[in-house]
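Structural description and commentary
Listed here are the chains, written in short residue letters.
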Amino acid sequence: MKNVILLIIIASLLTSCFKLDDNLFNPDSEIVEYKLDNYTGEQDFVLDASYAIPSNLINVFTLNSQAPSESVSTTIYAIYIGDVATINTDTVIMYCHGNKWHMDFYWQRAKLLAHSGGKNNYGVMMVDYRGYGLSEGKPSEDGMYADVDAALNWLKQNGLSNDRLIMYGFSLGTAPVCELTAKPRSLTPSKLILEAPYASVAVMVQDAAVLGMPSSFVTGLSIDNAEEIKSVNQPLMWIHGEDDSFLNINTHGQVVYDNHQGVYKEAHKINGADHSEVPLMFGFQNYCSALDLFIKK
Amino acid sequence: MPSRIVRPLDKGEKAVNLHVGGPLIGFAGKTIPVPFTSLMYAQGVTDKTTVFGSLHTTSLLFGVVQTDIGACQNIYYNDSLKLGFSVAPAINMAYDTWEGNFKLWPQLDVNAYWDIKPQKSFVYVGVDNWFELSGTKAHNQSQKNRWIINPQIGFTHVRNKWNYNIEGKWLTPYLKNTPNVVDYKGISGKGAVGIYISFTRKF
């Protein structure tokens, strides 16, 4: 019996490579094209025609993304809403989407951002992280940061400066926003907007386990917005649904907000809103107005 | 995990046990028990005391060496009612081989059991208690759940060489199971129902 147990231990340690990291990512890579307004799959909401984006302001293109630890680049897809020729004077929102599917799913949200403060008022940049939509590769935390930075680098090459960059993260997307603000690469944003942010994978694991289990027991991910936000001095806008059934407003969002010690911060707790319902329950006009006021403040 | 030992083994008796099961969760549109597994070895020290130790095999697959070591003590038995009470204090320990993190938490299993036939099958009800030693969680947040209570009910079908056990637990029935990144299936939105089956070979 002793030998059997010893064998199980040795075999398991040698072969143990199970981690729940992949569960954080929920991509759909089955699509063959981006349909944007013609997308008929499940969406959180669909905007009316007044939020339409003129076709000449919709730019779909590819970027090469390479994480510091990688030797080859990965081709990812990006969408820029706005006039590329005026990026050198425009204010641009870098929108980092959540863990679900692909950019078609988030297209309506990107349109809302573009229309905050007026029709097509802001440029909006969005990428499908590797493994999402038409982007090549497999999702990973480091890859996601590299993918967002590839978008920032493209914006920089087209004339965007730090003072006109706003970073917006929703759910999973709050990780690259906090990471690339705390440890800037191509550009340093002037303001942050976090919608339904994670505090950290540690909180995710502890919420699930009740006991204070170390996150390394189940995941190799190191997302830690609650710590990274401590070194962020830029103004912060935090939006979170009070009825968020996925990321607890108290154990996740509130901790991130409390840990921010920067020059300015504001919180919007949206009554009755679940994880993906913030723009809807806030009210589209209220949501857009609040974003615009924060950006212009 | 299910109760390790509810009714102590006979003095000198040995047993090896495999358990499968865990809390029910929603996964890919279906409700499934988390597929936790563990192997346990137990030995009767006296007719009233059994010691045990386990290896959590699912945890091993994640590079985590986890064990619980304890003893079951029969504290009361009524011959006419065939009713007994036992307690099983244990220490849980887990160590991950990736980052070297270690976690220890005590446990106390308290059960009442009824022998259905003399020395044969039995049913039991009880409470599994876990104790969190740390007063803080990640990011220095206060840990409010220091004593975790999980009521349980089970049935053990006893054969000559094998025991077959099924147990249901209601894990943390006093805590709301949302919001949470795991879609736990509880009762009236509280806790999680756990289903465990186990097979025991006696020597």
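This text gives an overview of the structure that appears in the document. (Residues numbered from 1 in each chain as written. Chains lettered and ligands numbered in written order. Predicted model: local features only at pLDDT ≥ 70, side-chain atom pairs only at ≥ 80, totals over all residues.)

Looking at the overall build of chain A
On a plain count of helices and strands, chain A comes out with 9 helices and 10 strands. A globule of 297 residues ought to have a C-alpha radius of gyration of about 19 Å, and chain A, at 20 Å, matches this closely. Each principal axis of the C-alpha atoms in chain A carries an extent, and together these give about 75 × 40 × 35 Å. Counting the 297 residues in chain A, one finds 50% classified as buried. Relative to all contacts within chain A whose residues are 6 or more apart in sequence, the contacts with residues 24 or more apart total 77%. (Helix = DSSP H or I, 4+ residues; strand = E, 2+ residues; numbered from the N terminus. Rg over C-alpha atoms; globule rule 2.2 N^0.38 Å. Buried ≥ 20, exposed ≤ 12 C-beta atoms within 10 Å, placed from the backbone. Contact = placed C-beta atoms within 7 Å.)

Observations concerning helix 5 (residues 201–209) of chain A
All names here are of chain A. Within the span of helix 5, buried status applies to Val201, Ala202, Val203, Met204, Val205 and Gln206. For helix 5, the elements touching its buried residues are helix 7 (249–259). Looking one or two residues past helix 5, Val210 carries a phi angle of roughly 70°, positive in sign.

Here's the deal with the pairing of strand 2 (residues 30–33) of chain B
When strand 1 (residues 14–27) of chain B meets strand 2 of chain B, the two strands line up antiparallel, connected through 4 bridges. Across the sheet, residue Gly26 of chain B finds its bridge partner in strand 2 of chain B, namely Thr31 of chain B. (Pairing = 2+ DSSP bridges.)

Let's talk about unusual backbone geometry
Here Thr178 of chain B and Pro179 of chain B are connected by a cis peptide whose omega angle stands at -5°. Along the chain, Pro179 of chain B falls in the loop between strand 10 (162–176) and strand 11 (190–202). You will see that Ala196 of chain A, though not glycine, has its phi angle at about 50°, which is positive. Tracing the backbone through its elements, the reader meets Ala196 of chain A in the loop between strand 8 (191–195) and helix 5. Assessed through the 28 C-beta atoms surrounding it within 10 Å, Ala196 of chain A is described here as buried.

Side note on the sheet that holds strand 7 (residues 165–170) of chain A
As a general point, the strands of a sheet are linked pairwise by backbone hydrogen bonds and lie either parallel or antiparallel. Residues and elements named next belong to chain A. Read across the open sheet, the 8 strands follow the order 2-3-6-4-7-8-9-10; overall the sheet is mixed. Looking along the sheet, the strands with just one partner apiece sit at the ends: strand 2 (58–65) and strand 10 (265–270). Mean inter-strand twist for the sheet, computed between neighbouring axes without regard to direction, equals 20°. Pairing of strand 7 with strand 8 involves 5 bridges; the strand directions are parallel. The residue of strand 8 that forms the bridge with Ile166 is Lys191. This element, helix 3 (residues 141–157), spans strand 2, strand 3 (74–81), strand 4 (92–96) and strand 6 (123–127) of the sheet and lies at about 120° to strand 2. The strands touched by helix 9 (residues 284–296) are strand 7, strand 8, strand 9 (236–241) and strand 10; relative to strand 8, the strand with the most contacts, the crossing angle is about 155°. (Axes fitted to C-alpha atoms, helices over the stretch in contact; angles between N-to-C directions.)

Observations regarding the interface of chain A and chain B
Residue-level contacts link 33 residues of chain A with 32 residues of chain B. With 6 residues, the single largest contributor to the side of chain A that touches chain B is helix 5 of chain A. In terms of residue class, the side of chain A that touches chain B is made up of 21 nonpolar, 9 polar and 3 charged. (Nonpolar A, V, L, I, M, F, W, Y, C, P; charged D, E, K, R; others polar.)

A closer look at the pairing of strand 7 (residues 102–115) of chain B
Residues and elements named next belong to chain B. In terms of strand pairing, strand 6 (residues 83–96) meets strand 7 through 13 bridges, oriented antiparallel. Within strand 7, the position partnered with Tyr95 by the bridge is Phe102. Between strand 6 and strand 7, which pair antiparallel in sequence order, lie 5 residues; one of them, Gly100, sits at a positive phi of approximately 75°. Pairing between strand 7 and strand 8 (residues 122–131): 9 bridges, direction antiparallel. Of the residues in strand 8, the one forming a bridge with Val110 is Val127.

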